[in-house]
Amino acid sequence: AASLQRLRRTEPHIKSFLYVSDDVLKKAEEIDRKIAENEELGPLAGVLVGVKDNICTFDMPSTAGSKILENYRPPFDATAVGKMKKCGAIVIGKTNMDEFGMGSTTEGSAYQVTANPWDLSRVPGGSSGGSAAAVSARQCMVSLGSDTGGSVRQPASFCGVVGLKPTYGRVSRYGLVAYASSLDVIGCFGSSVADAGILLHAIAGHDKFDATSSKREVPDFASQFIARDNLDSKPLKGLRVGLIRETIEDGVDQEVISSIRGAASHLEELGCTVTEVSLPSFSLGLPAYYILASSESSSNLSRYDGVRYGKQVVADELNSLYGESRAGGLGSEVKMRILMGTYALSAGYYDAYYKRAQQVRTLVRESFRAALDENDILISPAAPSAAYKIGEKKNDPLSMYAGDIMTVNVNLAGLPALVLPCGFVDSSSGALPVGIQMIGTAFEEEKLLKVGHIFE
Ligand code: GLN
């Protein structure tokens, strides 16, 4: 009840949620009854979770931030949601997001603008801005987001919370509204590394409904979270950390760079050796990402034709039904991406754009492999700046895209990455959080969680 009250008090200012469940108390009472009757409880019993609105929930709307899915209620739960519920979690509501995950500020939602709890005049980041703001404002304990090019990690950094992007395939995408299927993953937000890790444990694993989900065993992530009092003075002795040189160069806010350098010294105090490494293909990742993500989205979004889901207009002929449903149901950023993607995939331009972007993807993957052969983890900022003002980049998509430079390469390579608060920058309105990104080898989330837990 106290949590719900806090949500009610903060929500008019922050607007993290597109929908709040009306039976949270009933579900909480059910948990109380289980406790009273000594029934077995799951590892997330009574934990209040926010779920990004592009993740399907059968008892709540799932709009993906788009008018074209207004009033859409999926007839099923996404696998990740079903698994959480089985562990006893209570879904408190659906969180705001940029339409179909396309954006970096949550201003691209067709419904409302979410504010950053640290400074209400700033963006929470995006596209999972609602999920990050909700945890930051303690409206829920943990939340689910999705990360195609940084949508869990950048908002975690802007809102001063922990964000975990699992390895591609670690979590089933069944029930996640597809944006760019070769890059999309469901990720976790928490106010500590342990919270995010425990949530990942609940949702990870193979799923017969998603052929790209991995059959690898899911380690017991919780065993990493040993009490810090029992650690010796150099608990990370021998760990090789590579600081990615291209991420601390020109174009990155000086205070962000100092925070990352401070974090690197802290890792050294904990016993790590930190050296600078170069990822030569780093700057190619951004244009390659936008070509591939737009191309895949142009194919994925063709299903919103006004017939199968959501909004349908009355029209006397099929083509105008398609046209008018899409014209009114999709926002301008989404339309632009569909056009860019269709262009990149079209016969005359395929070799020049899509194919080359795929080649860059291979280069990116190889440069990460080389860097991770020499290092246990890589570190970088999670974003080139702290949270900026609402409206500042809204009409300048290229500068917004440029802000994704720290995160998109990781999706191209399918690697796991953890973002956690590591410092602050000064702003006219006070301190704003800065996040460090720790990148690991595929399926080694365990190592990231251990390092993150000891670091924080
Ligand atoms: N900002 C990036 C984009 O707009 C990443 C979004 C995401 O990860 N969903 O594509």
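Residues numbered from 1 in each chain as written. Predicted model: local features only at pLDDT ≥ 70, side-chain atom pairs only at ≥ 80, totals over all residues.

Per an unreviewed UniProt entry, the protein is named Glutamyl-tRNA(Gln) amidotransferase subunit A, chloroplastic/mitochondrial, and its organism is Datura stramonium. In its Function (unreviewed entry) section, the UniProt record describing the protein reads: "Allows the formation of correctly charged Gln-tRNA(Gln) through the transamidation of misacylated Glu-tRNA(Gln) in chloroplasts and mitochondria. The reaction takes place in the presence of glutamine and ATP through an activated gamma-phospho-Glu-tRNA(Gln)." Here the protein is described in UniProt, under the heading Sequence similarities (unreviewed entry), as follows: "Belongs to the amidase family. GatA subfamily." (UniProt positions renumbered as here; feature names shortened; annotations may be inferred.)

Caption draft 1: Local environment of the site of the ligand. In the vicinity of the ligand there are 14 residues, among which Gly101, Ser104, Thr148, Gly149 and Ser151 approach most closely. The residue inventory of the shell around the ligand, partitioned by class, reads three nonpolar, nine polar and two charged. (Near = placed C-beta within 6 Å. Nonpolar A, V, L, I, M, F, W, Y, C, P; charged D, E, K, R; others polar.)

Caption draft 2: Geometry of the environment of Gly190. As for its placement among the helices and strands, Gly190 is situated in strand E6 (residues 185–190). Here Gly190 falls in the buried class, since 22 other C-beta atoms lie within 10 Å of it. The residues touching Gly190, leaving out its near neighbours within four places in the chain, are Val135, Val142, Val161, Val162, Asp195, Ala196 and Leu199. (Helix = DSSP H or I, 4+ residues; strand = E, 2+ residues; numbered from the N terminus. Buried ≥ 20, exposed ≤ 12 C-beta atoms within 10 Å, placed from the backbone. Contact = placed C-beta atoms within 7 Å.)

Caption draft 3: Focus on the environment of Arg228. For Arg228, the position within the fold is in the loop between helix H6 (193–203) and strand E7 (240–244). A residue is classified by how many C-beta atoms lie within 10 Å of it, and Arg228, with 10 of them, is exposed. With 226 residues separating them in the primary sequence, Arg228 and Ile454 have C-alpha atoms 7.0 Å apart.

Caption draft 4: Region of interest: the sheet that holds E7. If you trace the 11 strands from one edge of the open sheet to the other, you get E1-E3-E2-E4-E6-E5-E10-E11-E9-E7-E8, paired in mixed fashion. The open sheet has two free edges, formed respectively by strand E1 (17–20) and strand E8 (273–277), since each of these has just one partner strand. The sheet shows a mean angle of 30° between the axes of neighbouring strands, direction not considered. Pairing between E7 and E8: five bridges, direction parallel. Looking at E8, one finds that Gly242 is bridged to Thr275. Sheet strands in contact with helix H7 (residues 254–269) are E7, E8, strand E9 (377–381), strand E10 (417–427) and strand E11 (430–439), and its direction is about 125° off that of E10. (Pairing = 2+ DSSP bridges. Axes fitted to C-alpha atoms, helices over the stretch in contact; angles between N-to-C directions.)

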